[in-house]
Structure formats: C-alpha cells, structure tokens
Amino acid sequence: MASLLIKGGRVIDPATGTDALLDLLVVDGRIAERRPARPGKGASGERGVVPAGTKVLEAAGHWVCPGFVDMHVHLREPGQEHKESVETGTRAAAAGGFTSIACMPNTEPWNDGLSVTEYIVAEARRKGAVNVFPIGCVSKGGRGEELAEIGDMARSGAVAVSDDGQPVANTYLLRMAMEYTKIFGIPLIDHCEDRDLSAGGAMHEGYVSTMLGLQGIPAAAEEVAVAADLAVAQLTQGRLHVAHLSTRGSLEKVRQAKREGLRVTCEVTPHHLVLTDQAVADSDFDPNTKMNPPLRGEQDRQALIEGLRDGTIDAVASDHAPHHTDEKLQEFDEAPFGIIGLETSVPLIMDRFVRQGVITPARFVELMSVNPARILGLRKGTLAVGADADVTIIDPELERKVDVAQFRSKSRNSPFHGWTLRGWPVATVVAGQLVHEQRAAATR
Amino acid sequence: MLVDTKLQTSGRKTATAGARPSARRSTAARRPEGAADAQSARVEAATPEPKTEKRLIALKQNHLLGMQGLVAEEITLILDTARSFAEVSTRSIKKVPTLRGRTIVNFFMEPSTRTRSSFEIAEKRLSADALNFSPGASSVVKGESLLDTARNLEAMAPDMIVIRHKSSGAPHFLARHCRAHIINAGDGWHEHPTQALLDAFTIREKKGKLKGLRVAIIGDLMHSRVLRSNIFLLKTMGADVVACAPPTLTPVELSRLGVQVTWRIDEALEGADVVMMLRIQRERQKSGAFPSAREYYNLYGLTVERARRARTDADRQRRGGWAVLGHSRSGHQRGRRPDGRALSAGGRNAWRAC
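Keep in mind that what you see is a predicted model, and the values were worked out from it rather than measured. (Residues numbered from 1 in each chain as written. Chains lettered and ligands numbered in written order. Predicted model: local features only at pLDDT ≥ 70, side-chain atom pairs only at ≥ 80, totals over all residues. Heavy atoms only, no water.)

1. What about unusual backbone geometry?
Residues and elements named next belong to chain A. Just so we agree on the cut-off: Secondary structure elements follow DSSP: runs of H or I no shorter than four residues count as helices, runs of E no shorter than two count as strands, and numbering proceeds from the N terminus. Burial classification: accessible surface area is computed with a 1.4 Å probe over protein chains only, and a residue below 20% of its type maximum counts as buried, one above 50% as exposed, and the rest as partly exposed.
With an omega dihedral of 0 degrees, the bond running from E108 to P109 counts as a cis peptide bond. Despite not being glycine, H244 shows a phi value in the positive range, around 25 degrees. Inspection of the secondary structure puts H244 in the loop between β13 (240-242) and α8 (248-259). Judged by its relative accessible area of 1%, H244 is buried. You will see that F285, though not glycine, has its phi angle at about 65 degrees, which is positive.

The structure is reproduced here in structure tokens:
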C-alpha cells in the first residue's frame, strides 16, 4: 500500500471551499484523509493512523492545489517526434506543475480515429509522466469536410474534439459536429480564425505590423469566427469551447453569449496575457514572438486580464506548440507559428497576476485546474477525500530565472528565456506518485 | 556608398550606443579600425559644411538595418559624406582607396538590378573587394535556410554584408548571426534605408534642404519598404509627409507614424514640394486591392492635369516605374507609370532620381 503525506501546506481547493493549512494523506493514489496541520510533528507523531512506510512531502509555506490541467497541448506524437513526444511533453508538464494535459489532434497522421487515439493513450501509459487525455478531430484528416469517427475516439479516451490549427470553417460541418458530440457529452473546441481575413499574416495587424512591414492578422479574423461559432452554438445548443481567445471583441462576444445562457467556455494563454505585439518589435523580429493567434495590442491584453478577473475566461491553457530550433530560426514570416508554454505557464500567471493581487489564489486554481477539468469532463480538479491524488505544489516565494536549456521539453521556442519570475511549482504528484520535484531536500 | 564608409568607422563607438538589446552590438567593436578612421577624417575635412548643426564623426549604429532609430545628426553625416563622394564619379579615374582591403558581400535574395549595381559600383569606386552572392531560389529549393547561408557567408569573413531579402527582418536575423556589419538593401515591406537616403540626397540637392518641406508619397503604401524608410528619414529631418493610396493599399494606423494619410490624390498634391510616386507592384493586383490598372490610373495616376493643378515644382517618379498592372493592352500602358508629360509639367525643376 503506497502512501504519501503532504504535510503542512496551504491547501487551496475551491471545489470544497477550502483554503487552510492541512495535512493530506494519500493512499493508493487517492486522497485518503485531510486534517488540520500540526507543525513540527513528523509522520510518526501524528494523531491519526499513518500507514507504515509513508513518505512525507514537507509543504510548509507552499500552496497545495488540485493537480493543474493544461487543456491545450501539442505533443507532436505521432509523426513529429523531432519537436516533442508523449514522453518529453509529459515530463515538461510535470516540471511545469501539470498533472493532466489534453493533446491536440494535429499530429501526423491526424488523430481522427480509433488507432491514433489508442496509440496516444497506450504511449502515455507506457512513458507518460502525467495523465494524457487525447482530443480527437472534428473532421477526417482535419480537412473540414466530413465528420471523423468521433464515437470511436470518445470510446477510446478522447475527451473533446477539435481541428486545432485549423478552424472549423464550414458552418454546416460545425453544426453537425455540435449536434453529434451531444451523444458523447464532449465539447467542441474551435480554433477561431477566418482564413480569408488572416491569409498571409504573420503578426497582429496594427501599428506595430505597419511599422515593421509585416502582414497583419486583424482581430476581426478571430472575431468573425467566434461570432459564427456562437450563432451555431445557439442554433444547436451544443457545447462550444473557444481555444486561445485573444481579442477584446471575442471576449465581449463570449461574455454576452454566457449571459444569454449558451453552453460556451473559453481559454486564454499566458503569452496573450503577458505580451503584446510590441514584443515583435522589441525583439527585432524574433520568431519566438510569432504564434497564432498572434500577440495582440495592449487594449486586447487589458481586456483579457479583465476577463480573468470577472470569470468570463474559464481556463488558462498554454497552447504548448513545440518546434525544432532549426524550424524557428528562420525569417519571421517563414517561421512556423507557436511557442512552448508548459514550463512557464504557472510562474507567469503567479508572478504577473496572482502575486500582484489581480486574481486570488482560489481563482487561480479554478483557472488552472477546476475549470479545465470540468470542461473536459475529467474527475479531477479537487482534493476532496476520495479524489484522485493529483496535486500541484507551488512555492509562492521561489524566484527563478527561466532557462530554456533546463526545459524538459524537446523544444526551446520560448520568448520568456531569461525572465525572472516568482512563484514556481516545486512538486507534482500524479496518482499519489511524486513525478517532479524542484528541491532535492523536500522529501525524507 | 558613403554609408558604408561611415559604418566602417563606427565600430568603436557602438559598444555603448545600442538602443536595442542584442549581442550583435558588441561584435564589431573588435575590428581594427585605424585605417578607416584616417580616411574618414580626411573626408570630413574636405566636406564643405555650411550648417551649424551638431556634427558627428561616426554613426552610433553597427549596422544600417533601417532609418528608424537614426538621429538627424547621423542622417546629416551620411548625406554630407555622400556629397563629398559625388565628385569622384566625375573624375577620369573614378576610384578612392577608402575601403581598400575590405570585403563586402552583396547578398541578394530578391531580384534587383539597380540597387545591386549601385552597391557594386560604389564598392568598386571605394576600392573594396566586392563579391556578389545571389543564391536565389535554388538554395531554398535545396533546403538551405537563411541560417545556413549566414554561416556560409560568415566563413568568408566579410567586413560587410549588403542584404536584399523578401522577408521583413531578414537583415536583423543576419545581424544576430554574423559578425559583419549589415547593410539592409531592402527587406520585405519593412525598410529600404539606402533608397531613402538616396531620395533625401536628391531632394537636398534640388531643394537645398529637407526641413519644412511637404513631401507627398503616392502609390502602393501597403507593400512599400521605400515608404517606411522615407517616412522615418523625412520625419526625423523635419519634413512633413502626406501619404496617399486607396484605403485598400494603406496599412492600418499609418498616421501614427506621424504622417498625414489621405486617399484623395489632389489633397496629397496640394502644396507638395516633392512628389514621390511609388510603383504598383505587379503581384499586388492579385490581392484584389483595386479592380484594374485602368481604374487605378484614373484615380491615382499622376496626370498632366493633376501635376499642373498641384503646381508642384518637383515631381519625381520612383525608379523601376514599369511596375505593374494587369494586361498590356494598348492604350492602357500609360497606367503603368506616371505620364511622362506630367513630369515635364512639373516645370524646369522636375527630376528623376535613380
């Protein structure tokens, strides 16, 4: 019987309304007991029954949170293992404080049927450091023409469908997909982009793109698609999740739709919350500032921060998009879109928003764990007794420099290299097993 | 190519001057500079300079990546130095030793005849060892990246690389990965600083100044690197700029660069001291920015009537004017560039730069 005592930490578990100093006893991969922390006493000195051989994880001064869920990750396997694999991607997740990740289907081949879904699930079981939940395609081959075999994928473990990287541009197909997914109770995650408006663009369209002579992607390219999706969601009463929402206009549309009672949720990435298009100019055309949707203007960024506060934004997701250095080290307009984020998400949000008091610790845990778990229908996101013992432990005071050379990911495409951030994940527990630990001295 | 000379002399000053964060700032500092400095000093002494502005003796930058960020004193320094070299071309032996022993690579990834010839002849007249390196499409087909090329170039240990590239920011990329001084000879839609310097040189020669002039820039603003470099230069030098194009060819928030923006050509021509006609690039019509060359010319062509009405004393056509549009049906060819008569209508001061 494997057991672990997480001792003396500040347990922040919004699902049970908890924010208190507690000891957590984990037995056989589940939360077995929660009790008030008793400082200074070791495992043997505890009042309750602690199984023999229980490992103790000292968490005094740390935040003990339900395991974080990154619902938007590209693991690149199968097909593009030079960028990332299930093994390295999940190690990066563990290092970044995530106990569960959902991986997008734009692999080679696309995850549009039973075999790829099963492969990912099996590979994750063999080599994965954290829980992996595949997201299947909406359409066969992500081509946006006909429905993929969503039932097969859902049966083998897919928790949502998406053609991510590609928008579902055909509104008839979108309607069919939103109706069809009702059978399985899974959401449709859409990458909202009107490709006619965005074609050829390399960065946000605005003053900076004008100054740099780069072709722009207007905010309207996203907003047109969000508006269309919401209309179809209204029509079908299906479940829509807007991926990596990036503009003020999109946010306003989602806010309005929620007010009207639509079953719509949305996520935002740390980079859209922290950076703006000015980063492209400041970095002298560094392709690590190129992603899709692009870094937007300051007004958009401020609107997204407001969305974090007021609850319009349901989740923070990294859109972890690994690319090999050779692919990124190109001319700006030639380089592929995307940056990695698994190992910087938590400290970025901690440093910029939680520690600054923009959002509360409880709200932070909702955004990182409770809500993404709920959206994907996972039995995660809580530290209630009986729940899976997936735990993210954060040292809110730890200050560290981001160093891409230390990343567990295979890729290095991050614009945050060299940033000093405060508030890092220090230990990650998946099903009662310690899968990552920052400080060597934490266990005994 | 006095720009080049001055850049050679600039290395020593640059280590502390970089406004942008990049390791490249320090790279040129270790170059031997003595000979070039001596040359430069002689050039300075020989330059007739009536102005009383603060003088610089070297640029603050290591590279010439764009006009953005250059201060007025630097631009004046380049133009004044150019003035002193103009005379070389009138001699029977058109050569000075300024860049003797220096290796310059002309790295052109985009078709160019005039710009490359201009660089080449300038390099030759300044006694540099010039190498033309134009891998063109073939290297791309072979899968060679710009980084590969940069490393190849670096192996030749050039002192300077002149780069023309279709991607905005490619010279900045090279500056990050090569130790040579980089001269941007046109990157994407971004900047074409030497063209703007040449335009400014021409304007100054003809009008005697830049400050206070009203310069109208008309044509395809969206895709024009010449526009951007000209705006940065002219604004820095105290000129007023009015930019004119159909809204479909006007980049967003252009007015935030400090220029007046209009889609009415008569408004742009009104009171203009200088008119620059930007060429319409053939490939742009595909983007649907205007319905036909014919209609474009009717709306934005520099006709005799418009030129007269504007009463501008100086109209100039952008070089490479055989740009453009559509089909060469007879009767519509005039749509391709300003009516030659319109240039004449500009009066005795009309000129063309090349």
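2. What about the environment of L308 of chain A?
Residue and element names in this part refer to chain A. Under the convention used in this document: Residues are treated as being in contact if the distance between any of their heavy atoms lies within 4.5 Å.
In this structure, L308 sits in helix α11 (residues 298-310). Along the backbone, L308 and V268 are 40 residues apart, and their C-alpha atoms lie at a distance of 8.7 Å. Sequence-distant contacts of L308, defined by excluding residues within four places in its chain, comprise V268, L273, I313, V316, F353, I359, R363 and L367.

3. Structural notes on the pairing of strand β17 (residues 420-430) of chain A
All names here are of chain A. The following threshold applies: Two strands pair under a simple rule: DSSP has to find at least two bridges between them.
Counting buried residues in β17 gives nine out of 11 residues, a clear majority hidden from the surface. Relative to β17, strand β16 (residues 391-401) runs antiparallel, the two being bridged by eight bridges. Note on β17: the bridge partner recorded for R400 is L421. The pairing of β17 with strand β18 (residues 433-437) spans four bridges and is antiparallel. Bridge pairing in β18 places V430 opposite Q433.

4. Regarding the pattern of salt bridges
Two side chains of opposite charge can pair, provided their charged atoms sit close to one another. Residues and elements named next belong to chain A. Here is the rule: What counts as a salt bridge is simple: a side-chain nitrogen of Lys or Arg found within 4 Å of a carboxyl oxygen of Asp or Glu.
Inspection of every chain in the model, using the stated rule, returns 37 salt bridges over all chains. Measuring nitrogen to oxygen at the nearest pair gives 3.1 Å for the salt bridge that ties E193 to R195. Residue class for R195 comes out partly exposed when judged on its relative accessible area of 33%. One salt bridge connects D388 with K380, and the closest N-O pair in it is separated by 3.0 Å. No difference in accessibility class separates D388 from K380, as the two residues are buried. Connected through shared salt-bridge partners, R30, K380, D388 and D390 make up one network.

5. Comments concerning the packing of aromatic side chains
Residues and elements named next belong to chain A. Quick note on the threshold: Stacked, tilted and edge-to-face are the three classes applied to pairs of Phe, Tyr and Trp rings, where Trp contributes its six-membered ring and a pair requires centres within 6.5 Å; stacked means planes under 30 degrees apart, edge-to-face means over 60, and tilted covers the rest.
A full pass over the atoms with the stated rule returns seven aromatic pairs over all chains. Ring plane angle 90 degrees and centroid distance 5.4 Å describe the contact between F68 and F364, whose orientation is recorded as edge-to-face. You can see F68 sitting in strand β6 (residues 68-73) and its partner F364 sitting in helix α14 (residues 361-376), a full 296 residues away along the chain. On the accessibility criterion, F68 (0% relative accessible area) is buried. A relative accessible area of 0% places F364 in the buried class.

6. Details of the confidence of the model for chain A
Basically, it comes down to this: The pLDDT value tells you how sure the predictor is about a given residue, anywhere from 0 up to 100.
Taken as a whole, chain A shows an average pLDDT of 95; of its residues, 96% reach a score of 70 or greater. Counting contacts from residues 440-444 of chain A, a segment whose pLDDT is below 50, to residues more than four positions away or on other chains yields 11 contacts.

7. Notes on the sheet that holds strand β9 (residues 160-162) of chain A
Residue and element names in this part refer to chain A. In space, the eight strands of this open sheet follow the order β6-β7-β8-β9-β10-β13-β14-β15, with parallel pairing throughout. Bordering the open sheet on either side are β6 and β15 (315-316), each of which pairs with just one other strand. Sheet topology note: the β13/strand β14 (residues 264-268) ladder contains three bridges and is parallel. What sits directly across from L240, in β14, is V264.

8. Topic: the interface of chain B and chain A
Convention followed: When two parts are brought into contact, each loses some accessible area as probed by a 1.4 Å sphere; the total of that loss over both is the buried area. Between N or O atoms, a polar contact is any pair within 3.5 Å; within protein, one atom must be a potential hydrogen donor and the other a potential acceptor, and residues adjacent in sequence are included only when both atoms are from side chains.
Opposite the 26 residues of chain B that make contact, chain A presents 21 residues. Summing both sides of the interface, chain B and chain A together bury roughly 2,000 Å²; the carbon and sulfur share of this comes to 56%. In terms of surface lost to chain A, no three residues of chain B exceed S168, W189 and V252 of chain B, which account for 23% of the buried area on that side. Across the chain B-chain A interface, the total number found is one salt bridge. A salt bridge links K166 of chain B to E334 of chain A; the nearest nitrogen and oxygen atoms lie 2.5 Å apart. Remark: the boundary between chain B and chain A carries eight residue pairs in polar contact (both at pLDDT 80 or more). The set of elements that each furnish at least two residues to the side of chain B that touches chain A consists of α6 (146-155), α7 (170-177) and α9 (225-236) of chain B. With five residues, the single largest contributor to the side of chain B that touches chain A is α7 of chain B.

9. Considering α14 of chain A
Residue and element names in this part refer to chain A. Rules: Multiplying one less than the number of residues by 1.5 Å gives the expected span of a helix. Each residue is assigned a bend, namely the angle between axes fitted to the seven residues that terminate at it and the seven residues that start at it.
If you check α14, its first and last C-alpha atoms are 22 Å apart, about what 16 residues at 1.5 Å a residue would give, namely 22 Å. Within α14, the axis deviates most sharply at L367, by approximately 45 degrees. Counting buried positions along α14 yields 13 of 16 residues, so the element is predominantly enclosed.

10. Focus on the domain arrangement of chain B
All names here are of chain B. Short version of the rule: Source of the domain bounds: an automatic or database domain assignment. Put simply, Ala, Val, Leu, Ile, Met, Phe, Trp, Tyr, Cys and Pro go in the nonpolar bin, Asp, Glu, Lys and Arg in the charged bin, and everything else, Gly too, in the polar bin.
Domain annotation of chain B identifies domain 1 (72-191) and domain 2 (194-282 + 289-349). Taken together, the contacts link 23 residues of domain 1 with 19 residues of domain 2. Where domain 1 abuts domain 2, roughly 1,700 Å² becomes buried across the two surfaces, and 59% of that area is made up of carbon and sulfur atoms. Counting the surface domain 1 buries against domain 2, the share from its top three residues, L79, W189 and E191, is 37%. Counting across the domain 1 and domain 2 interface gives three salt bridges. The interface formed by domain 1 and domain 2 contains six residue pairs in polar contact (both at pLDDT 80 or more). When contributions to the side of domain 1 that touches domain 2 are tallied by element, the ones reaching two or more residues are α3 (72-86), α4 (114-125), β3 (160-165) and β4 (181-187). Residue composition of the side of domain 1 that touches domain 2, by class: nine nonpolar, seven polar and seven charged.

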